[in-house]
Protein chains: 4
Amino acid sequence: MVPRYSRPEMVDLWSAESRFRIWFEIEAHALDAMAELGTVPKSAAKAVWDWWATNPPIDVDRIDAIEAVTKHDVIAFLTWVSENVGDEARFLHQGMTSSDVLDTALAVQLARASDILLADLDALLAVLKRRAEEHKLTPTIGRSHGIHAEPVTFGLKLAEAYAEFSRAKKRLIAAREDIATCAISGAVGTFANIDPRVEEYVAAKLDLTVEPVSTQVIPRDRHAMYFATLGVIASSIERLATEVRHLQRTEVLEAEEYFSPGQKGSSAMPHKRNPVLTENLTGLARMVRSAVMPALENVALWHERDISHSSVERFIGPDATITLDFALARLTGVIDKLLVYPARMQKNLDRMGGLVHSQRVLLALTQAGMSREDAYKAVQRNAMQVWESDGQLSLLELLKADDEVGAKLTPAQIEAEFDLDYHLKHVDTIFARVFG
Amino acid sequence: MVPRYSRPEMVDLWSAESRFRIWFEIEAHALDAMAELGTVPKSAAKAVWDWWATNPPIDVDRIDAIEAVTKHDVIAFLTWVSENVGDEARFLHQGMTSSDVLDTALAVQLARASDILLADLDALLAVLKRRAEEHKLTPTIGRSHGIHAEPVTFGLKLAEAYAEFSRAKKRLIAAREDIATCAISGAVGTFANIDPRVEEYVAAKLDLTVEPVSTQVIPRDRHAMYFATLGVIASSIERLATEVRHLQRTEVLEAEEYFSPGQKGSSAMPHKRNPVLTENLTGLARMVRSAVMPALENVALWHERDISHSSVERFIGPDATITLDFALARLTGVIDKLLVYPARMQKNLDRMGGLVHSQRVLLALTQAGMSREDAYKAVQRNAMQVWESDGQLSLLELLKADDEVGAKLTPAQIEAEFDLDYHLKHVDTIFARVFG
Amino acid sequence: MVPRYSRPEMVDLWSAESRFRIWFEIEAHALDAMAELGTVPKSAAKAVWDWWATNPPIDVDRIDAIEAVTKHDVIAFLTWVSENVGDEARFLHQGMTSSDVLDTALAVQLARASDILLADLDALLAVLKRRAEEHKLTPTIGRSHGIHAEPVTFGLKLAEAYAEFSRAKKRLIAAREDIATCAISGAVGTFANIDPRVEEYVAAKLDLTVEPVSTQVIPRDRHAMYFATLGVIASSIERLATEVRHLQRTEVLEAEEYFSPGQKGSSAMPHKRNPVLTENLTGLARMVRSAVMPALENVALWHERDISHSSVERFIGPDATITLDFALARLTGVIDKLLVYPARMQKNLDRMGGLVHSQRVLLALTQAGMSREDAYKAVQRNAMQVWESDGQLSLLELLKADDEVGAKLTPAQIEAEFDLDYHLKHVDTIFARVFG
Amino acid sequence: MVPRYSRPEMVDLWSAESRFRIWFEIEAHALDAMAELGTVPKSAAKAVWDWWATNPPIDVDRIDAIEAVTKHDVIAFLTWVSENVGDEARFLHQGMTSSDVLDTALAVQLARASDILLADLDALLAVLKRRAEEHKLTPTIGRSHGIHAEPVTFGLKLAEAYAEFSRAKKRLIAAREDIATCAISGAVGTFANIDPRVEEYVAAKLDLTVEPVSTQVIPRDRHAMYFATLGVIASSIERLATEVRHLQRTEVLEAEEYFSPGQKGSSAMPHKRNPVLTENLTGLARMVRSAVMPALENVALWHERDISHSSVERFIGPDATITLDFALARLTGVIDKLLVYPARMQKNLDRMGGLVHSQRVLLALTQAGMSREDAYKAVQRNAMQVWESDGQLSLLELLKADDEVGAKLTPAQIEAEFDLDYHLKHVDTIFARVFG
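Cut-offs used in this document
- Residues numbered from 1 in each chain as written.
- Chains lettered and ligands numbered in written order.
- Predicted model: local features only at pLDDT ≥ 70, side-chain atom pairs only at ≥ 80, totals over all residues.
- Helix = DSSP H or I, 4+ residues; strand = E, 2+ residues; numbered from the N terminus.
- Rg over C-alpha atoms; globule rule 2.2 N^0.38 Å.
- Buried ≥ 20, exposed ≤ 12 C-beta atoms within 10 Å, placed from the backbone.
- Contact = placed C-beta atoms within 7 Å.
- Least-squares fit on C-alpha atoms with pLDDT ≥ 70 in both.
- Nonpolar A, V, L, I, M, F, W, Y, C, P; charged D, E, K, R; others polar.
- Axes fitted to C-alpha atoms, helices over the stretch in contact; angles between N-to-C directions.
- Parallel < 35°, antiparallel > 145°, perpendicular 65-115°, else oblique.
- Left-handed = near helix turned anticlockwise from the far one by under 90°.
- Pairing = 2+ DSSP bridges.
- Core = buried A, V, L, I, M, F, W, Y, C linked by C-beta atoms within 7 Å.
- Expected span 1.5 Å × (residues − 1).
- Domains from an automatic or database assignment.
- pLDDT = per-residue confidence, 0-100.

### Things to note about the overall build of chain A
- Looking only at helices and strands, one finds 19 helices and six strands in chain A.
- Compactness check: chain A gives a C-alpha radius of gyration of 30 Å against a globular reference of 22 Å for 436 residues, more than 25% above the reference.
- Principal-axis analysis of the C-alpha atoms gives chain A an extent of 100 × 50 × 35 Å.
- Taking all 436 residues of chain A together, 62% fall into the buried category.
- Looking at chain A alone, contacts between residues at least 24 apart form 75% of all its contacts between residues at least 6 apart.

So this is what it looks like as structure tokens:
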């Protein structure tokens, strides 16, 4: 976690204190279930919850000090609870294994992290929708290979992003469901010393589903799927960030990140206004993606578990979720305040001498009876002249003067093919598909 | 694709011929839709389908030769069709762009690849279920950290794999749904020169959904999610393969890959029987996973598209699906014919002098009023002696002779804690959860 | 390997026939060494080489057929040699293990692949040098963040690439050295049944160094380093390819990939000339990079070896080297024939109304006694006006009219800071550093 | 960075304070050089160094506060220096760009990190050498595929690790050389406003080499190579850690991580002693490796630079070096204190009824005139019986009783092939190669 790329709510979720609070809940709910089943005294459960009701501060330093001796984090935590609750605490953790607590707690954290990320996605989607509708019919040049192709609208670009992040949301919901399971099944998952109903009770209390079959741990394919999904979402962020970076290029300048008063673009060049937020998002996307491979490598634990996954998760659990949360919020801000320059879009659209209409003429010639191959050659011949003039020549004028073209189409017919609105006639259809 | 790690059906799906057949279907169905809408003559559609009805061989060499000149694969294909159908073929591809064909065809291939992989998963699940039930109550030692922990059954190990591959199936179904979309929206996705109803028609014919908004291409987050999902499945394969490799170790030898007559384990050492299939699966899992990063990097195409994704997909499209298909089939074979040695499992289970029952005594002492910390120390003190004797000493005998333990538990009470069946009492519950 | 991204020499190196030829050399040289040491009859070595001198065709089908029975490739190969040479062949492979042959052969292949790649790098370096010198003083705008910064020359861009690929060459030489080792040390690397002098002899014959200590295999950290190095080189390719893609953008168009007569940029838009080669190189770079992770995962083989690395290497050995060879050659071609447009570079350089000189004025003001902060504000104030005019206003004129600036610098002094040559005065120094 | 996987010296190197100290050195040395060249007053340099000589505390909070306004870290730092030094500080950074400071500082940090890592490697090598020599002739079974192969010594295993980490050291030295360059070349690398001799002066002062040609930044292929090298080293750590994990398995138990008094292996099972340090190292290796892909993706910055690499490096710079430092130290501790059990090694070596000698008999039969194929079958036939008896039968006795074998070898001859020392005769040669 790099503080400058983090937001407090998500950071807090991964604090030692939050973790210990979740551990307490798991242990105490399990104790309740055991008390109900009669395997521990009800007084024990009462004692534990009574202490908790006093809202005791979590003494992280003390727990760490105990762990320094026991070299075991859950035992350290339980010892600390014991120090506070007294003798009745000895019934805690009965028949459970550390991983019951650790893995279920991680499930709670990842589920809560998902909730924050889903809220982030909702905020991003709302902004994308607003700005897409604002620019639904703002014409701009569509580009393939970085080369002018045919007209689109700026709203369509944002509708595309909206559709992509709607898919991101759907995928994250599925990944959240995959990860949100509870395992309290004992040392090797057989429930030898703990009743399966304890697991069911704790799962219900924590809003998790029951892990159908666990070993000592919750299987790591779930976590692999989770982090892989974050990696895909990060790549979608990179895509939209890359679009903004391109649009802000000096020569394009169709849109620009908001530039606040007092901001300095460069220590050396006072004239600079750089797309630093979206460049930053590109880098952050690389980082979120970098969690995918170690998460995949974590799946093949040995036998009923080894602990190699644990250190990996101590890094990527916080890092990937905190960074993605920050990135989604930053992207939302970028889109929200994005400076959009319709006049420049129109200017760029016009700069290639009408080349963007080449396909329509091609089709018109084909319709008029010319073979596709001949039509392609005829249009390409004129288009290349315009291209080489860097838009100083006009494709319309050249085509009107071309005998072969003239044999098939009248000047008026040719002119009719150079119509911007023609390209925008289905924008409503697409918006209806995307926004419903 | 490495031939030795491939199976014919999946290889065939990725052949040039299969691709061209799908291209034809897309173009011809689109032509039907245009004819129905009246933008092209119905005779054109008829001419094209009539030719196709003659079941013409796909002349891959001729198409390649044309591409060598045009440097454009779809144009080459259309030219070849034209050479065969004649003049009426000029209406094909009207208002479409190459990517309409290429991306929709890739969607068809990935959907069909998914169907093969889903059938593979079903076959694997069936074998896992059969062998899980066969060994539902075959006791074996559960291990954490590679160290003996407590008893499980071999059937539970396979039930765990069954549950994991059931999740794999669910994920693959979702990934298939994500990838199976049709885009026929023209040069920059605006339907400028083609009616959206053509897209709808073709989608229905090819059993795809309509891409709500495309640029020139289908957005690559879909493909990223697809290959990420394959990577997670590969990791699950690695996990089960790793389990078999461990079980076959000389010192463990609880299970073994089937060893066919005439097979040689080593050119130098005639005594060897190596788990080469599961080692191979471990390597193949690495390869399938290696497709994930380039697929994620493919998402951020520039503007309405660049073509950097194309070369990546020419590799990973076939490689990842062919390799995963082979790996799933190989794993199914391994599990199907796996030699399982219950006697050795029992022998291993017994070899540590009863250490596997240490937790039960710990709990019994706690129940009898000893503090958890004292109980832990008492059991650990005796357990370490057994450990250091490499199982020559008996934990049961040592505990009976321990005064502190004896103060809390009678010999009969201690003995009662050393009961294997105690660990298996919830196997039915778990099987019911997994297999329904 | 994808045929369209391959070149014959490198493909040939990875053919079954090439591999068997190398296997033969290893086995036959080892036999010579053993004969010399007296552990096998000299007649055996003679018989084997005599047969080889007849230049027998490699019957790959027959060897495959034998392998189908033995499930062991080296045994299959030796059996085939036996079928041809007769009884004397039984001394081949004495005391050796399959991996002695397989790993040493892989070392030979990777060393030869390196030689091809080094030649590719030399060709690329030669082209980069020629074009760098051609454009040593061609002014062009330097850009940071995609935004105009200050002038550079196009030759400097190419000199930077030259320096980077010189580093690539140095790294590849080191990686080649790392990989080019010979191990003939028997089943677990102890030379139990083979004299270490055999290894030394074969190493010398094949121009390899001796592996100081092997297990059954050559340690895979060597291969990991090798493929990691290829991944770094691929990333350098991506960088230069990305530069060309940017330069070819419609709005920039400072350089362009060569566009051959008859080429079609788009099936739908006859006006298009797309940077498809460099986009392709971007994708190929992703693929070469994708070999890095599985190569790293191959390092941790179990004990004296497992065979999980083998399938990985069957993919990435050919794929990464063939693809990188193709990519280097393609990049060389792109740079060799790159269309460079100095006039357009100048036009772009001029388009921002002199903003590129903002830093010099800042420094001049500081030198004239203004605080850095005040100077920054003064220049930024004027620069932002020019920026917002999209280069229609002139920074020079605005600064001349600015009272605060005028209090420190005369108009002539200001004008002196707007001098292009000022930026190019150290180009010679840099070229001397890079090209010597 | 995860505190529990970190050590103070490396953490300190990456602190804000350390970074600002390095920044100061770069700026102040550059000022010296400029003063010497006469472009700034010597009094300015004196003022700056005089202040520094007072050993002023670095006020990180103040610098952060300034950055919150300027949104630019280097400007914030310079402003803070100005606040302390006064007016003379305005000559700092003259003609430089932020990246001159940032990238050169990163080079200093990575070079210093390398020095720490090189010291770590030396410590590990020393321990490996000591323990290798201690167990130079401790026989143990060599295993391929996890299956008993032929005898090796435990010292050979460690010698192999020694050789591998010697290569790691060599690679890290090369990577350090690659990364340790100084760029002070101004906004786009042309030295427009700064003399190249300033760069040379600062490079010499900071023990860096001069970057021959930079853009605004030092090219990122250098960093990619650096982190790729760390990834390879991490994989070597994983390999040795995996070996220890295997050796500690209950059924193998040939070696064991040191287990400290008071340590608890499991909260539930008091008998456990788990290889948690080496499992942890396996996970940490995954994390160090996860830095490789983003570092490779950082290479292709746009034009003369974009800032996407920066966020990535803020993560992986500290994380990869801190984690690798910790992992090397942990591995050194594991090997240093590793409990080695020669008696168990001998027991395991003997457990397979002499199968480990199968190859020698095979060779003896071949030497005695039997064809390789027949000899293989004869030995395999008997070996499989021993295998299936789990070592209860004796290969020696079976072979003596085999007529076909008996026809070629006398009982005494067979017996002579079952000699452990035979396998160890070249250990001296190998040790001489590795340790010199």
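Back to the text.
### Focus: the relation of the copies chain A and chain D
- For these two chains of identical sequence, chain A goes onto chain D by a turn of 180 degrees and a shift of 0.0 Å along the axis, with RMSD 0.0 Å. Such values leave the two copies arranged in the relation of a two-fold axis. No C-alpha of chain A approaches the rotation axis more nearly than that of A:Ser290, which lies at 2.8 Å.
- Comparing interface residues between copies, 100% of those in chain A also lie at the interface in chain D; the contact surface is shared.

### A word on the interface of chain D and chain C
- Counting from both sides, the interface comprises 68 residues of chain D and, opposite them, 68 residues of chain C.
- At the level of elements, β1 (139-144), β2 (147-153), α7 (154-179), α9 (221-248), α11 (292-297), α14 (358-367) and α19 (427-435) of chain D are the ones that each hand at least two residues to the side of chain D that touches chain C.
- For the side of chain D that touches chain C, the element with the most residues is α9(D), which contributes 13 residues.
- Split into classes, the residues belonging to the side of chain D that touches chain C amount to 28 nonpolar, 22 polar and 18 charged.

### Examining the interface of chain A and chain D
- On the side of chain D, 40 residues touch chain A, which itself brings 40 residues to the contact.
- Among the secondary structure elements, those contributing two or more residues to the side of chain A that touches chain D are α4 (60-70), α5 (73-85), α10 (276-289), α11 (292-297) and α12 (308-337) of chain A.
- No other element matches the eight residues that α10(A) contributes to the side of chain A that touches chain D.

### With respect to the environment of D:Trp80
- Along the chain, D:Trp80 falls in helix α5 (residues 73-85).
- Leaving out residues up to four positions away in the same chain, D:Trp80 has contacts with D:Asp59, D:Arg62, D:Ile63 and D:Ile66.

### Some points on the packing of helix α2 (residues 16-37) of chain A against helix α8 (residues 196-205) of chain A
All names here are of chain A.
- At a minimum axis separation of 9 Å, α2 and α8 run at an interaxial angle of 135 degrees. Considering the angle they form, α2 stands oblique to α8. Where α2 crosses over α8, the handedness of that crossing is right-handed. Along its contact with α2, which presents Ile-26, His-29, Ala-30, Ala-33, Met-34 and Leu-37, the element α8 presents Arg-197, Val-198, Tyr-201, Val-202 and Lys-205.
- In terms of residue class, the contact of α2 with α8 is made up of eight nonpolar, one polar and two charged.

### Some details on the environment of B:Ser235
Residue and element names in this part refer to chain B.
- Mapped onto the fold, Ser-235 is located in helix α9 (residues 221-248).
- Owing to 26 C-beta atoms within 10 Å, Ser-235 belongs among the buried residues under this scheme.
- Once the C-alpha coordinates of Ser-235 and Thr-282 are considered, the two residues, 47 residues apart in sequence, prove to be 8.5 Å apart.

### Observations concerning the pairing of strand β2 (residues 147-153) of chain C
All names here are of chain C.
- Taking burial as the measure, the seven residues of β2 include seven buried ones, the bulk of the element.
- In this sheet, β2 lies alongside strand β1 (residues 139-144) in antiparallel orientation, the contact comprising five bridges. Bridge pairing links Ile-141 to Pro-151 in β2.
- Between the end of β1 and the start of β2, which pair antiparallel, lie two residues, with His-145 showing a positive phi angle near 60 degrees.

### With respect to the nonpolar core
- B:Ala327, C:Ala327 and D:Ala327 are the most contacted members of the largest nonpolar core, which totals 568 residues.
- In this structure, B:Ala327 is in contact with B:Ala234, B:Ile237, B:Leu281, B:Leu284, B:Ala285 and B:Val288, ignoring residues within four places of it in sequence.

### As for the relation of the copies chain D and chain C
- Mapping chain D onto chain C leaves a residual RMSD of 0.1 Å; the transformation is a rotation of 180 degrees accompanied by 0.0 Å of translation along its axis.
- By residue overlap, the copies meet face to face through one surface: 100% of the interface positions of chain D are interface positions in chain C.

### Some thoughts on α5(D)
All names here are of chain D.
- Along its 13 residues, α5 runs 18 Å from first to last C-alpha, staying within 8% of the 18 Å computed at 1.5 Å per residue.
- Every buried residue belonging to α5 is among Asp-73, Val-74, Ile-75, Ala-76, Phe-77, Leu-78, Trp-80 and Val-81, and all of these are buried.
- The inward-facing, buried residues of α5 abut α2 (16-37), α4 (60-70) and α6 (98-134).

### Quick look at helix α7 (residues 154-179) of chain B
- Taking 1.5 Å of rise per residue, the 26 residues of α7(B) would be expected to cover 38 Å, and the 37 Å separating its terminal C-alpha atoms lies within 8% of that figure.
- The buried count for α7(B) comes to 19 of 26 residues, which makes it a mostly enclosed element.

### Quick notes on the domain arrangement of chain A
- According to the domain assignment, chain A consists of domain 1 (3-258 + 271-346) and domain 2 (355-417).
- The gap between the C-alpha centroids of domain 1 of chain A and domain 2 of chain A is 55 Å.

### Focus: the packing of helix α12 (residues 308-337) of chain B against helix α10 (residues 276-289) of chain C
- Between α12(B) and α10(C), whose axes approach to 6 Å, the crossing angle comes to 40 degrees. In this view, α12(B) runs oblique relative to α10(C), as classed from their interaxial angle. Of the two possible hands of crossing, α12(B) and α10(C) adopt the one that is right-handed. Counted together, B:Ser308, B:His309, B:Ser310, B:Ser311, B:Val312 and B:Phe315 of α12(B) and C:Glu279, C:Asn280, C:Thr282, C:Gly283, C:Leu284, C:Arg286 and C:Met287 of α10(C) form the full contact between these two elements.
- Residue classes in the contact of α12(B) with α10(C) are distributed as four nonpolar, seven polar and two charged.

### A few points about unusual backbone geometry
- A positive phi angle is found at A:Phe191, which is not glycine, with a value near 60 degrees.
- In this fold, A:Phe191 is placed in the loop between β3 (181-182) and α8.
- Exposure remark for A:Phe191: the 22 C-beta atoms within 10 Å place this residue in the buried category.
- Its identity as a non-glycine residue notwithstanding, D:Asp207 has a phi of 60 degrees, on the positive side.
- If you trace the backbone, D:Asp207 turns up in the loop between α8 (196-205) and β4 (209-210).
- Under the C-beta neighbour-count criterion, D:Asp207 is labelled exposed, with 11 such atoms within 10 Å.

### Structural notes on the confidence of the model for chain A
- Of the residues in chain A, 97% have a pLDDT of 70 or more, and the chain-wide mean is 94.
- On the interface metric, ipTM, the complex scores 0.95, and its pTM is 0.96.

### Some points on the environment of A:Asp12
- Position of A:Asp12 relative to the elements: it lies in helix α1 (residues 8-13).
- As a C-alpha pair, A:Asp12 and A:Asn280 span 268 residues in sequence and 23 Å in three-dimensional space.

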